[in-house]
Amino acid sequence: MSNTISIRKGLNIRLVGESAKEIKDIPVSHTVCLSPLDFHGLIPKLVIKEGESVQVGDVIFHDKKNERIKFVSPTSGKIKQIVRAEKRKIVQILIESDSKQTCKKFDVKKVADTSKEEMLDLLLNSGIWPSIKQRPLDVVADPSNEPKGIFISSFDSSPLAPDYSFILKEKMDQVQIGLNALNQLANGKVYLSSRKNSDFTKMQNVIHHNVDGIHPAGNIGTQIHHIDPVNKGEFAWSINIQDVAAIGQLFETGSVDGKKCIAVGGSEIKNPAYFNIHCGSSMSDILKGNIVGDNVRYISGNVLTGDQKNTDGYIGFYHNQITVIPEGNEYKFFLTKGWLGLGFDKFSNSRLFPTFLLPKSKHFTLDTNTNGEERAFVVTGELEKVFPFDILPMHLTKAAITEDIDGMENLGIYEVAPEDFALCEYVCTTKINIQEKIRHGLDLIASECM
Amino acid sequence: MEPHFIKGGKYEKWNPLFETMATFAFTPKLVTNKGSHIRDGVDLKRTMMTVILALIPCLIFGIYNTGHWEMAVSEANRNLPYFDAMGAKFLTGLGIVMPVVIVSYGVGLGIEFLFGMIRGHSLHEGFLVSGMLIPLTMPADVPLWMVGLATAFAVIIGKEIFGGTGMNVVNIALTARAFLFFAYPTSMSGDKVWMSGLGDKMAANPESVDGFSGATALGDLATNMSDKALVAGQHVENSHEYITTFSQHYGPFESFMGMIPGSIGETSTMACLLGALVLVLTGVGSLRIILSFFAGGFIMGLLLNAIGGNPYLDLPAYYHLIIGGFAFGAIFMATDPVTASQTANGKIIYGFLGGFLAIMIRVLNPAYPEGVFLAILFMNIMAPIIDHYIVQGNINRRLKRLKTT
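Residues numbered from 1 in each chain as written. Chains lettered and ligands numbered in written order. Predicted model: local features only at pLDDT ≥ 70, side-chain atom pairs only at ≥ 80, totals over all residues.

**Q** I would appreciate a short explanation of the overall build of chain A in the present structure.
**A** Scanning chain A from N- to C-terminus turns up 10 helices and 21 strands. Relative to the globule expectation of 22 Å for 450 residues, the C-alpha radius of gyration of chain A, 22 Å, shows essentially globular dimensions. When its C-alpha atoms are laid out on the principal axes, chain A stretches across 65 × 50 × 45 Å. For chain A, buried positions account for 53% of its 450 residues. Within chain A, counting contacts between residues at least 6 apart in sequence, those at least 24 apart form 69% of the total. (Helix = DSSP H or I, 4+ residues; strand = E, 2+ residues; numbered from the N terminus. Rg over C-alpha atoms; globule rule 2.2 N^0.38 Å. Buried ≥ 20, exposed ≤ 12 C-beta atoms within 10 Å, placed from the backbone. Contact = placed C-beta atoms within 7 Å.)

In structure tokens, the structure reads:
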């Protein structure tokens, strides 16, 4: 019934602190945040003022360039503050939650009776739309484009990632309704990739692919590349499986409750577990009393692609996990823990450290130290080992660094997102921030070629 | 101490020096801020240190071999037993080789620091390897000032004007070797330079070394065997005879072990293979390049055998892989990631052509018996072209996909 994709190039980074399979509920945060910065390249246009009351699902701002794309409140309460940067750029919209949590009702029909246009409007108006991202550029999808397909990964292979078949075990019906809805939108081209034997393989109305292999097998970019790669002028949409369930919920109940389940893990978490939270909750509420050390890095998202947050920060829109790892801001003597040490505590994809000799069951506590200084590219062939695309990662990165637009186009920039290069960035001997370079390249493409 | 060296501090301009020392002793406390929050343990320092480690067998054997031939010269006995008086030979060799190593590192690192200070960055690790490779490619009798000059030339012209480590077009150590080869050919070739002290002794008292040949295997091949007929005024029609005589002097075992005269570090294929083992096991050196380089050399050797005609052409193909700097070049020079081909398939082509050309130059142009370094330099320059076609292949695959959809 399905096709199998196997991913051999890549790397599973085995970190300490995997979340236990138990879900805890966290009451809604006193303050919830919606940040325009979570949406790359977005210029927000506010439709509310400070002090106004909102419900879950009320529009807070929309995309200035495309007013159909609306961003809604994840909580009900009062707009507390609109935080601006020095040049008045909007950084955060803070919403004070009330205790009632009322949700805005939308007018929904059955999925089968909803036309494609109605479906589009419903997703846009309900604020689910920003969950749909597009390739190229890795930004919020433009509803005026016709996608070649909607791609959904039912698993996440990144370090300490949440297990969606656990999170959504009770919500399989909603996932199915959500998939049906997307099916209307994409004229039957909905691709769902799953691990073999997972519950998601039973889903209807989708084109199944079994994906086996190591990270980045679960990344949507990897899957799109192996299923139906994006060429210039084409668009592929993708959406997280939890947001598919949210669409299902919208059709079931007529509203979206603004909640999601996240995994909290990492070596500095006392009791790694799953938590039901409100989108945009504050990190300190989620992590209260659950942190071991004090010199730690709070990451909204996974260790490879997430955003660094302070304790007073808020979980990002697209993130389904929080990771806390030790900071590495101290000197390490070269013979003991430094560059010439034996390095049994280091996790390396190269064979310069004994990682490859250690049993696969050993998990590592890694800190945020770069383990070396930035240099020009010297080593060749190492990025290719963790990059399962028919794309030359080093050449593409160099094209991005040198702002060579033709080069980037030719070498496949339309297919990739910064997150696809996360492992390349991890293994890079010369410590180049490859994701940043790729994002810069994509920004250039966005301004020059789209 | 650090505050003195940071921007605005008392010794601000010495910061690169300070930083180099500090980052040598301690992995710095730099942390990630964007993108991937954790990073692989590997860095350029460890990578380069591994290459130096891989060079140690060559260095140690080179020291001993140099000591042996110095003693052979002083006793005017080319057939001096190889494994006698090992301690003394090693010490003699140490006295000859260490100054070369020190000059190479001293000059090279000095220039690197200078550029580091001008550009405001700490020492980039590339030269740590080049500084060891340069002495190993030198003949034992090389004057120290030449080593210094060649190193300076290689670092400035070969690397720093392109932007430093990672930016160079051709291999640094080979640039130094080539510079000397073309600037001071008499000190770099012929049959007097390969054994320490031989040149001086010949000049002072020719009779004491009468009948003593200081030639290398390649030198003998190039001068005596490529020119079909004449050795010592006598015509010998039979290639076979030459080769038999040749293999009496440079037996396969002696050549493989490196017990023959030659540049300091190049003679022992055995020591090179030990280094290759380290490089390949750690993944620092490209197995693709090493294997294809050997394959290219061997196939060219077989081709030449097939043509035949003079003793050099008839020399068994495997011999080419164990004499001269072939193994050393294949393992340590051709694999330099900066100057080699950067794509997986490109590496195979690059290595193969490198080995192929090395033997071609060596045999067909007796003026350059050591064709390996010329071949590698040539392939360094060709590597971007090879990569261009590989990259173009990748691009075309993508374009084709666009057309078919």
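From this point on, the discussion continues.
**Q** Would you take a moment to explain the interface of chain A and chain B for this structure?
**A** Taken together, the contacts link 62 residues of chain A with 48 residues of chain B. Those elements that provide at least two residues to the side of chain A that touches chain B are β18 (296-300), β21 (332-333), α7 (393-401), α8 (405-411), α9 (422-427) and α10 (434-449) of chain A. Examining the composition of the side of chain A that touches chain B, we find that four residues originate from one element, α9(A), more than from any other. Partitioning the side of chain A that touches chain B into residue classes produces 24 nonpolar, 24 polar and 14 charged. Two elements, β21(A) and strand β1 (residues 26-27) of chain B, share two bridges in a ladder whose sense is antiparallel. Bridge pairing in β1(B) links Phe333(A) to Phe26(B). (Nonpolar A, V, L, I, M, F, W, Y, C, P; charged D, E, K, R; others polar. Pairing = 2+ DSSP bridges.)

**Q** Which parts of the structure should I look at to understand the packing of helix α3 (residues 172-185) of chain A against helix α5 (residues 241-253) of chain A?
**A** Angle between the axes and distance between the axes: these two values describe a pair of packed helices. Residue and element names in this part refer to chain A. With their axes 7 Å apart at the nearest point, α3 and α5 run at an angle of 90° to one another. When the axis of α3 is compared with that of α5, the two are roughly perpendicular. Only Ile241, Val244, Ala245, Ile247, Gly248, Gln249, Phe251 and Glu252 of α5 make contact with α3, whose side of the interface consists of Asp173, Gln174, Val175, Gln176, Ile177, Gly178, Leu179, Ala181 and Leu182. Across the contact of α3 with α5, the residue classes tally to 10 nonpolar, five polar and two charged. (Axes fitted to C-alpha atoms, helices over the stretch in contact; angles between N-to-C directions. Parallel < 35°, antiparallel > 145°, perpendicular 65-115°, else oblique.)

**Q** Mind showing me how you'd approach the sheet that holds strand β16 (residues 259-265) of chain A here?
**A** All names here are of chain A. Taken in spatial order, the six strands of this open sheet run β2-β17-β16-β20-β18-β19, and their pairing is mixed. What marks the edges here is a single partner per strand, and that holds for β2 (23-25) and β19 (307-309). Across the sheet, the mean angle from the axis of one strand to that of its neighbour is 30°, orientation sign disregarded. Of the strand pairs in this sheet, β16 and strand β17 (residues 273-278) are connected by six bridges, and their pairing is antiparallel. The partner of Lys260 across the bridge, within β17, is Ile277.

**Q** Just to check I follow, could you spell out the domain arrangement of chain A for this structure?
**A** Residues and elements named next belong to chain A. Per the domain assignment, the segments making up chain A are domain 1 (3-9 + 106-253), domain 2 (29-97) and domain 3 (384-449). Inter-centroid distance (C-alpha atoms) of domain 1 to domain 3 is 25 Å. Taken together, the contact between domain 1 and domain 3 spans 16 residues of the former and 17 residues of the latter. Considering only residue class, the side of domain 1 that touches domain 3 consists of six nonpolar, six polar and four charged. (Domains from an automatic or database assignment.)

**Q** Can you help me understand the sheet that holds strand β11 (residues 139-140) of chain A in this one?
**A** Paired through their backbone hydrogen bonds, the strands of a sheet run either parallel or antiparallel. Residue and element names in this part refer to chain A. Taken together, seven strands build an open sheet; the order of strands is β1-β14-β13-β12-β15-β10-β11 and the sheet is mixed. Pairing within the sheet leaves two strands with one partner each, and these edge strands are β1 (3-7) and β11. Pairing of strand β12 (residues 150-153) with strand β13 (residues 190-194) involves four bridges; the strand directions are parallel. In the strand pairing of β13, Phe151 is matched with Tyr191. Across the face of the sheet, helix α4 (residues 220-227) comes into contact with β1, β10 (133-135), β12, β13, β14 (207-213) and β15 (236-238) while running at roughly 125° to β12.

**Q** I'm lost on the domain arrangement of chain B in this one. Help?
**A** By a widespread convention, an interface's size corresponds to the accessible area lost as its parts come together. Residue and element names in this part refer to chain B. For chain B, the assigned domains are domain 1 (1-30), domain 2 (57-214 + 250-268) and domain 3 (285-401). Domain 2 and domain 3 are separated by 23 Å when their C-alpha centres are compared. Taken together, the 19 residues of domain 2 in the interface contact 15 residues of domain 3. Only α7 (172-183) and α12 (252-257) provide two or more residues apiece to the side of domain 2 that touches domain 3. Considering every element that reaches the side of domain 2 that touches domain 3, the biggest residue donor is α7, with four residues. The residue inventory of the side of domain 2 that touches domain 3, partitioned by class, reads 10 nonpolar, seven polar and two charged.

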